[in-house]
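Structural overview
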Amino acid sequence: MSALINIAAAGEPMPPLLPHPDELIIGTIAFAIVFFFLAKKLLPNINKTLEERREAIEGGIEKADAAKIEAESVLEQYKAQLAEARHEAARLRQEATEQGATIVQEMRSEGRRQREEIIAAGHSQIEADRKAAAAALREDVGTLATDLASRLVGESLEDSARQSRTIDRFLDELEAGATTTVKAEVSR
């Protein structure tokens, strides 16, 4: 730099690339003013904006991490509820199957009971019908036997007491003979 000052003091023309010392001083002062202005006014605003962006980005990342953790927690709860619901559904299916089997068993028992009642009622009705038929048959056979006996004997057997005794004796003899025949066949 001292060579430049010597050239300038000697009044020699300055080389075209070297600035004039006055311009150099003014340029340095202007640079210092711009630098001071940038350092005091513009740089803090830029740093503040960059800091806000950094905080926003970090906050967004933290929020995203928090949301991720919450989503994982909700997912775990959902999986637990789903497993519980499946378990409950399986339990309900099992209960329904057991209840169905119980109902089927009860219906079978009720059906058997009703069948037995119907069979018993049928046997009672058959027995009543058999007794009624036997009584009607006894009366018809008695009437026929009385008519036949009257024709054979030649006298009238109109007396109802005598007629009734004769019929009862005849039928008792028939039943005794039938019972003896059945017993003989059974013993063979």
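Residues numbered from 1 in each chain as written. Predicted model: local features only at pLDDT ≥ 70, side-chain atom pairs only at ≥ 80, totals over all residues. Heavy atoms only, no water.

1. Some points on the overall build of the protein chain
Assigned secondary structure in the protein chain consists of 3 helices and 0 strands. Its helices and strands taken in sequence order, the protein chain reads α-α-α from the N to the C terminus. Of the roughly 16100 Å² of accessible surface on the protein chain, 62% is carried by carbon and sulfur atoms. (Helix = DSSP H or I, 4+ residues; strand = E, 2+ residues; numbered from the N terminus. Areas by Shrake-Rupley, 256 points an atom, 1.4 Å probe, with all protein chains shown as cover.)

2. Some words on the packing of aromatic side chains
Evaluation of the coordinates by the stated rule reveals 1 aromatic pair. Between F31 and F35, the aromatic rings sit 6.2 Å apart at their centres with planes inclined by 20°, giving stacked as the arrangement. In this pair, F31 and F35 are both assigned in helix 2 (residues 21-153), 4 residues apart and thus about one turn of the helix distant. The pair F31 / F35 is uniform in exposure class, with both members exposed. (Phe/Tyr/Trp six-rings, centres within 6.5 Å; stacked < 30°, edge-to-face > 60°. Buried < 20%, exposed > 50% of the residue type's maximum accessible area, 1.4 Å probe, protein only.)

3. Topic: the pattern of salt bridges
Going through the model one piece at a time under the given rule, you end up with 8 salt bridges. Between E88 and R91 there is a salt bridge, with its nearest N and O atoms 2.2 Å apart. In this pair, E88 and R91 both sit in helix 2, 3 residues apart, roughly one turn of the helix. The partner of E116 in a salt bridge is R115, and the shortest N-O contact between them spans 3.2 Å. Overall, R115 belongs to the partly exposed group, its relative accessible area being 46%. Taken together, the salt bridges that share partners define one network made up of E51, R54 and E58. (Salt bridge = Lys/Arg side-chain N within 4 Å of Asp/Glu carboxyl O.)

4. Some points on the confidence of the model for the protein chain
Per-residue pLDDT for the protein chain averages 81, and the proportion of residues at 70 or more is 77%. By mean pLDDT, the top-scoring element of the protein chain is helix 2 (88), and the lowest-scoring one is helix 1 (residues 2-9) (59). (pLDDT = per-residue confidence, 0-100.)

5. Some words on the environment of L171
Mapped onto the elements of the fold, L171 is located in helix 3 (residues 160-187). Residue L171 is classed as buried on the basis of its relative accessible area of 9%. Once the C-alpha coordinates of L171 and V141 are considered, the two residues, 30 residues apart in sequence, prove to be 8.6 Å apart. Excluding residues within four positions of it along the chain, L171 makes contact with R138 and V141. (Contact = heavy atoms within 4.5 Å.)

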